[in-house]
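These are the residues of each chain, in order.
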Amino acid sequence: MKTVILHYHLFKNAGTSLDAAFKENFSVEQGEWVTREFSAQPAKNREELKQWIIDNPQAKCFSSHTAIFPVPHIDGINIIPVIFYRHPIDRIASAYSFEKKQGGNGFASSLARNTTLAGYIETRLSLEHDRQCRNFHIHRLATLFSVNEGDEAVRAKRAIEVLPFVGLVEKYNDSLGRLEKLLESEGFKGIHLKPVEANVSRTVKKSIDEKLIEIKAQLGDEIYSMLEEANKVDLDVWERLNHGE
């Protein structure tokens, strides 16, 4: 049985830093670490993801921003899913900062460059199907189970319980230590995941409480409360993860 890592790289959740650590253990040149993006159509996405893993027998670590659950079932291959979770409000502020700095004429970057954080949030919350500022993590985690197995919140909370690893950005070093132990136990002997800061769009030296105070000051009470309400389930799960529940 071959064992591989599948990194579900969520936007602005320390995924670039994690991939940098993976690439110190798995050769990009030899195709041991590979990355790809997939269709937005769920059934096609899942089929493409499965075939990608099959078509890259030399790969030991796969990484994608757009791969969706559930984890593919492939005969002869044991897949270890890896995903990180971040305080949802801090993640949104980081996404805004990143989009504001990057070039291009895409919707998100154009919006960020032409409005404040408050304007960015208000606009994205006004778009019914836009999940960037509304329970972003829950939306992705819930896909681990069929829609017949409960509402989005129920399925996402169940996903947190059954996934072998869910890291926390706010406890990044501790999470890397847990991940190392898991991967060692799964046959990746001698793996060393060194903390690397990559693609950091805002300071990481402040505590989460200090960051949230600054964000609230930028947004004002009304919009901040709106954002909390729109991320109620995400916040609940973050609290559970942060307190080790």
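Attention here is on the structure that accompanies the text.

What counts, and at which threshold
- Residues numbered from 1 in each chain as written.
- Predicted model: local features only at pLDDT ≥ 70, side-chain atom pairs only at ≥ 80, totals over all residues.
- Heavy atoms only, no water.
- Pairing = 2+ DSSP bridges.
- Helix = DSSP H or I, 4+ residues; strand = E, 2+ residues; numbered from the N terminus.
- Axes fitted to C-alpha atoms, helices over the stretch in contact; angles between N-to-C directions.
- Phe/Tyr/Trp six-rings, centres within 6.5 Å; stacked < 30°, edge-to-face > 60°.
- Lys NZ or Arg CZ within 6 Å of the ring centre and 35° of its normal.
- Core = buried A, V, L, I, M, F, W, Y, C linked by side-chain atoms within 4.5 Å.
- Buried < 20%, exposed > 50% of the residue type's maximum accessible area, 1.4 Å probe, protein only.
- Contact = heavy atoms within 4.5 Å.
- Expected span 1.5 Å × (residues − 1).
- Right-handed = clockwise from strand over helix to strand, strands pointing away.

### As for the sheet that holds strand β2 (residues 33–35)
Then, number 1: If you walk across this open sheet you meet the five strands as β2-β3-β1-β4-β5, and the pairing is parallel. Edge strands, defined here as strands with exactly one partner in the open sheet, are β2 and β5 (166–168). In this sheet, adjacent strand axes meet at a mean angle of 25° when their direction is disregarded.
Then, number 2: Looking at chain direction, strand β1 (residues 2–8) and strand β3 (residues 61–64) are connected through four bridges and run parallel. Across the sheet, Y8 pairs through a bridge with S64, a residue of β3.

### Observations concerning the packing of aromatic side chains
Aromatic rings in a pair are described by how distant their centres are and how their planes are angled relative to each other.
Then, number 1: All told, the structure shown has nine aromatic pairs when counted by the stated rule.
Then, number 2: Arranged with centres 5.5 Å apart and planes meeting at 75°, the rings of F11 and F98 form a pair that is edge-to-face. Of this pair, F11 sits in the loop between β1 and α1 (15–23) while F98 sits in helix α3 (residues 88–101); the two residues are 87 residues apart in sequence, bridging distant segments of the chain.
Then, number 3: Chaining the aromatic ring pairs together yields one cluster made of F22, F26 and F188.
Then, number 4: Positioned above the aromatic ring of W33 is the side chain of K23, whose terminal nitrogen or guanidinium carbon lies 4.5 Å from the ring centre.
Then, number 5: Over the ring of F145 we find R158, and its NZ or CZ is 3.9 Å from the ring centre.

### Structural notes on the nonpolar core
Then, number 1: One finds Y85, I121, L141 and L219 to be the most contacted residues of the largest nonpolar core, which totals 57 residues.
Then, number 2: Here this core gets six residues from one element, more than from any other, and that element is α3.
Then, number 3: Every residue in contact with L141, bar those within four places of it in the chain, is listed here: F69, I83, Y85, R155, A156, A159, I160 and L163.
Then, number 4: One finds A14, C61, F165 and V169 within the second-largest nonpolar core, a separate group that totals 21 residues.

### Some remarks on α3
Then, number 1: Between its terminal C-alpha atoms α3 stretches 20 Å, which fits the 20 Å expected from 14 residues at 1.5 Å a residue.
Then, number 2: Counting buried positions along α3 gives 12 out of 14 residues, so the element sits mostly inside the fold.
Then, number 3: Buried residues of α3: P88, I89, D90, R91, I92, A93, S94, A95, Y96, S97, F98 and E99, and no others.
Then, number 4: Where α3 is buried, its residues touch α4 (107–113), α5 (117–126), α6 (136–141), α9 (208–219), α10 (221–230) and α11 (232–242).

### Side note on the pairing of β3
Side-chain positions along a regular strand alternate between the two faces of the sheet.
Then, number 1: On β3, burial covers both faces: C61 and S63 on one face and F62 and S64 on the other are all buried.
Then, number 2: Pairing of β2 with β3 involves three bridges; the strand directions are parallel. Pairing of W33 across the sheet is with C61, part of β3.
Then, number 3: In this region the chain leaves β2, passes through helix α2 (residues 42–55) and returns to the parallel neighbour β3; the handedness of that crossover is right-handed.

### Some thoughts on unusual backbone geometry
Then, number 1: A cis geometry characterises the amide bond from F69 onward to P70, with omega recorded as 0°.
Then, number 2: With respect to the helices, strands and loops of the structure, P70 is situated in the loop between β3 and β4 (77–85).
Then, number 3: One non-glycine residue, K12, adopts positive backbone phi at about 65°.
Then, number 4: You can see K12 is positioned in the loop between β1 and α1.
Then, number 5: Judged by relative accessible area, K12 falls into the buried class, the value being 8%.
Then, number 6: Even without glycine at this site, A14 takes up a positive phi of about 65°.

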